[in-house]
Amino acid sequence: MGTKSTWFRPLPVFSAAIILRIGLFIYGLWQDANSPMKYTDIDYYVFTDAARYVATNHSPYDRETYRYTPILSWLLLPTTWQGNWFSFGKALFALSDIITGWLIVLVLRTTGGMPMDRALKFASIWLLNPMVATISTRGSSEGLLAAMVVALVWSVMQRRIVLASVLLGVGVHFKIYPFIYAPSIVWWLDDEQLQLQPKSTQESSLWNRARRFCNKPRITLAFLSFGTFIALNWAMYHMYGSPFLHHTYLHHVTRVDHRHNFSPYNTILYLSSTASTPSYMHLESLAFIPQLFLSAVALPLLLAKKDLPSTMLAQTFAFVTFNKVCTSQYFLWYMVFLPFYLPTSSLVASPRLGITALVLWVLTQAMWLQQGFHLEFIGKSTFVPGLWMASQSFFLTNAWILGIIVSDIGGKAKALPTTQATSPSPSEEVKQQT
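Nothing here was measured: the structure is a model prediction, and the numbers come from that model.

Calculation notes
- Residues numbered from 1 in each chain as written.
- Predicted model: local features only at pLDDT ≥ 70, side-chain atom pairs only at ≥ 80, totals over all residues.
- Heavy atoms only, no water.
- Helix = DSSP H or I, 4+ residues; strand = E, 2+ residues; numbered from the N terminus.
- Buried < 20%, exposed > 50% of the residue type's maximum accessible area, 1.4 Å probe, protein only.
- Contact = heavy atoms within 4.5 Å.
- Areas by Shrake-Rupley, 256 points an atom, 1.4 Å probe, with all protein chains shown as cover.
- Phe/Tyr/Trp six-rings, centres within 6.5 Å; stacked < 30°, edge-to-face > 60°.
- Polar contact = N/O pair within 3.5 Å; in protein donor to acceptor, adjacent residues only side chain to side chain.
- Patch = residues over 30% accessible without salt bridge, like charges linked within 9 Å, V, L, I, M, F, W, Y side chains within 5 Å.
- Salt bridge = Lys/Arg side-chain N within 4 Å of Asp/Glu carboxyl O.
- Axes fitted to C-alpha atoms, helices over the stretch in contact; angles between N-to-C directions.
- Parallel < 35°, antiparallel > 145°, perpendicular 65-115°, else oblique.
- Left-handed = near helix turned anticlockwise from the far one by under 90°.
- Nonpolar A, V, L, I, M, F, W, Y, C, P; charged D, E, K, R; others polar.
- Core = buried A, V, L, I, M, F, W, Y, C linked by side-chain atoms within 4.5 Å.
- Domains from an automatic or database assignment.
- Expected span 1.5 Å × (residues − 1).
- UniProt positions renumbered as here; feature names shortened; annotations may be inferred.

Focus: the overall build of the protein
1) Next: A count of helices and strands for the protein gives 22 helices and zero strands.
2) Next: Here the protein holds 434 residues, and 49% of them are scored as buried.
3) Next: For the protein, the proportion of contacts with a sequence separation of at least 24, taken over those separated by at least 6, is 73%.
4) Next: Summed over its atoms, the accessible surface of the protein is roughly 21,000 Å², and 67% of this surface lies on carbon and sulfur atoms.

So this is what it looks like as structure tokens:
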């Protein structure tokens, strides 16, 4: 017990997380200066180029391949300042990682009453994860959205509906996929969960059920989140016109990208990118059907009332697994939910199952990366059978893991409404343990 309490305290864990990111940041500067293979993500150059256009009163979309909200380019305006400010965005994204980690601890402590040392153990899955730290210090903006999403979880679980609504609207504006969380949150926000009234044991009419469904929190969430989303989009469209709509939203609907793509549709996307491909072979255009049915309809209805944060993990995992484009950055979308799911999961309860799942996930990903390296860096065609088989193996592994996650959540009883914890608040316990 002494060893556990010594290490899993806020100061050592967060210090280690910060040192990890500082080390990777410094190493990245060295690699960029001394190696032909750059550490900095190509997307970071896209972000900073767009910021330079904005700094000179131009549109960020004047930078070819900028496919993001203008707000991101505004946040990175300091990278255009004279001096050593180019890496400001990397520092911002790494800081977002740390904030996300603290929010994870906050959710685990305030909604589940988890002791601080145990909460920090599971938060370390994010905070001390080399993959998470590497992606952020390379210049990927995923850490910003991760902070928004975990803040959304916290605000919903604390019944702060106005804050949750704004966060949901901003998150969907920032990147489309968080819209899948709206059905789960709406389904979770029933009167029983909100402690507005006990569950009725008597049969009621369809009208009474509909009236109970349209409670104030659900109406507030629907109108305020949608209003936030529309207001931001209207402002961006007013400033930048149709290029904003095309590059930020429409491009992702019609996107055909087979590079760095773990998706099982990878080979089909490559064939579709050739001008000679007949239109009837564009099967990847139907990929959204199973993807959206699982992530935005079936999983929310089946699981949300049992465990909302874990359901959001299942939704995200399904969305990424069945997406026609899947890069390593997308893995962060569901990794941020692991600390909420794992404490009561069969992957932890049965170490053999957990280790098998992890090994298969890493191994099939490594198989793809080996084939992808030969294709993209050596110039050897590995599409068939190597890359195709690796993509299908990774997909099947992810589908199997998704089945485990769904089974775990589905086996739970409906979550009872949480009450104010009698244990010390996270801030108070930080003072006690540091």
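Here we look at the packing of aromatic side chains
1) Next: With the rule as written, the count across this model stands at 33 aromatic pairs.
2) Next: Here the aromatic rings of tryptophan 187 and phenylalanine 213 are separated by 6.4 Å at their centres, their planes lie at 45°, and the arrangement is tilted. Taken together, the residues tryptophan 187 in helix 10 (residues 181–188) and phenylalanine 213 in helix 11 (residues 206–213) connect sequence positions 26 residues apart.
3) Next: Note on tryptophan 187: relative accessible area 27%, which makes it partly exposed.
4) Next: Look at phenylalanine 213 and you get partly exposed, because its relative accessible area is 34%.
5) Next: A ring pair is formed by phenylalanine 331 and tryptophan 361, whose centres lie 5.3 Å apart and whose planes are at 65°; its orientation type is edge-to-face. Residue phenylalanine 331 is found in helix 17 (residues 331–335), and its partner tryptophan 361 is found in helix 20 (residues 351–378); the two are separated by 30 residues along the sequence. Accessibility classification places phenylalanine 331 together with tryptophan 361 in one group, the buried group.
6) Next: Taken together through their ring pairs, the aromatic side chains of Tyr44, Tyr45, Phe47, Tyr61, Tyr66, Tyr68, Phe86, Phe93 and Tyr240 make up a single cluster.

Let's talk about the side chain of threonine 316
1) Next: Residue position: threonine 316 is located in helix 16 (residues 308–321).
2) Next: Overall, the relative accessible area of 0% leaves threonine 316 in the buried class.
3) Next: Looking at threonine 316, its side chain comes within polar contact range of the side chain of tyrosine 181, at 2.7 Å.
4) Next: Sequence-distant contacts of threonine 316, that is, excluding residues within four places in its chain, are made with Tyr177, Ile180, Tyr181, Trp333, Tyr334 and Phe337.

Focus on a nonpolar patch on the surface
1) Next: Taken together, the side chains of Ile355, Val359, Leu360, Leu363, Met367 and Trp400 make up a nonpolar region of the molecular surface, amounting to roughly 520 Å² of accessible area.
2) Next: Per-element tally for the nonpolar patch: the top contributor is helix 20, with five residues.
3) Next: In this structure, methionine 367 sits in helix 20.

Quick look at the packing of helix 2 (residues 10–34) against helix 5 (residues 88–112)
1) Next: Interhelical geometry of helix 2 versus helix 5 gives an angle of 160° and a closest axis separation of 11 Å. Judged by the inter-axis angle, helix 2 sits roughly antiparallel to helix 5. The two elements helix 2 and helix 5 cross, and the hand of that crossing is right-handed. For the pair helix 2 and helix 5, contact is made by Phe14, Ala17, Ile18, Arg21, Phe25 and Asp32 and by Lys90, Ala94, Asp97, Ile98, Gly101, Trp102 and Val105, respectively.
2) Next: In terms of residue class, the contact of helix 2 with helix 5 is made up of eight nonpolar, one polar and four charged.

Here's the deal with the nonpolar core
1) Next: The biggest cluster of nonpolar side chains holds 107 residues, and the ones touching the most others in it are Trp126, Leu152, Tyr181, Phe331 and Phe337.
2) Next: Looking at this core element by element, the count peaks at 12 residues for helix 8 (residues 142–157).
3) Next: Looking at which domains feed residues into this core, each of domain 1 (145–194 + 210–254) and domain 2 (256–274 + 284–415) gives three or more.
4) Next: Residues in contact with phenylalanine 331, not counting those within four places in the same chain, are Met131, Phe262, Val320, Cys326, Trp361, Gln365 and Phe394.

A few points about helix 16
A turn of α-helix holds 3.6 residues, and therefore any two residues three or four places apart point the same way.
1) Next: Between its terminal C-alpha atoms helix 16 stretches 20 Å, which fits the 20 Å expected from 14 residues at 1.5 Å a residue.
2) Next: The buried fraction of helix 16 is high, at 14 of 14 residues.

Quick notes on the UniProt feature "transmembrane region" (unreviewed entry) in the protein
1) Next: Look at the UniProt record and you will see "transmembrane region" (unreviewed entry) annotated at residues 12–30, 85–108, 219–240, 316–341, 353–370 and 382–406.
2) Next: The distance separating the terminal C-alpha atoms of residues 219–240 is 31 Å; by composition the span is 100% helix and 0% strand.
3) Next: In residues 382–406, helix accounts for 96% and strand for 0%; the two terminal C-alpha atoms are 34 Å from one another.

Details of the pattern of salt bridges
Think of it this way: side chains of opposite charge can pair up when their charged atoms draw near.
1) Next: Inspection of the entire model under this criterion finds seven salt bridges.
2) Next: The shortest N-O distance in the salt bridge between arginine 52 and aspartate 49 comes to 2.2 Å. With arginine 52 and aspartate 49 both in helix 3 (residues 42–55) and three residues apart, the pair spans about one turn of that helix.
3) Next: Residue class for arginine 52 comes out partly exposed when judged on its relative accessible area of 39%.
4) Next: Between aspartate 49 and arginine 63 there is a salt bridge; the shortest N-O distance is 3.1 Å. You can see aspartate 49 sitting in helix 3 and its partner arginine 63 sitting in the loop between helix 3 and helix 4 (70–75), a full 14 residues away along the chain.
5) Next: For aspartate 49, a relative accessible area of 19% gives the class buried.

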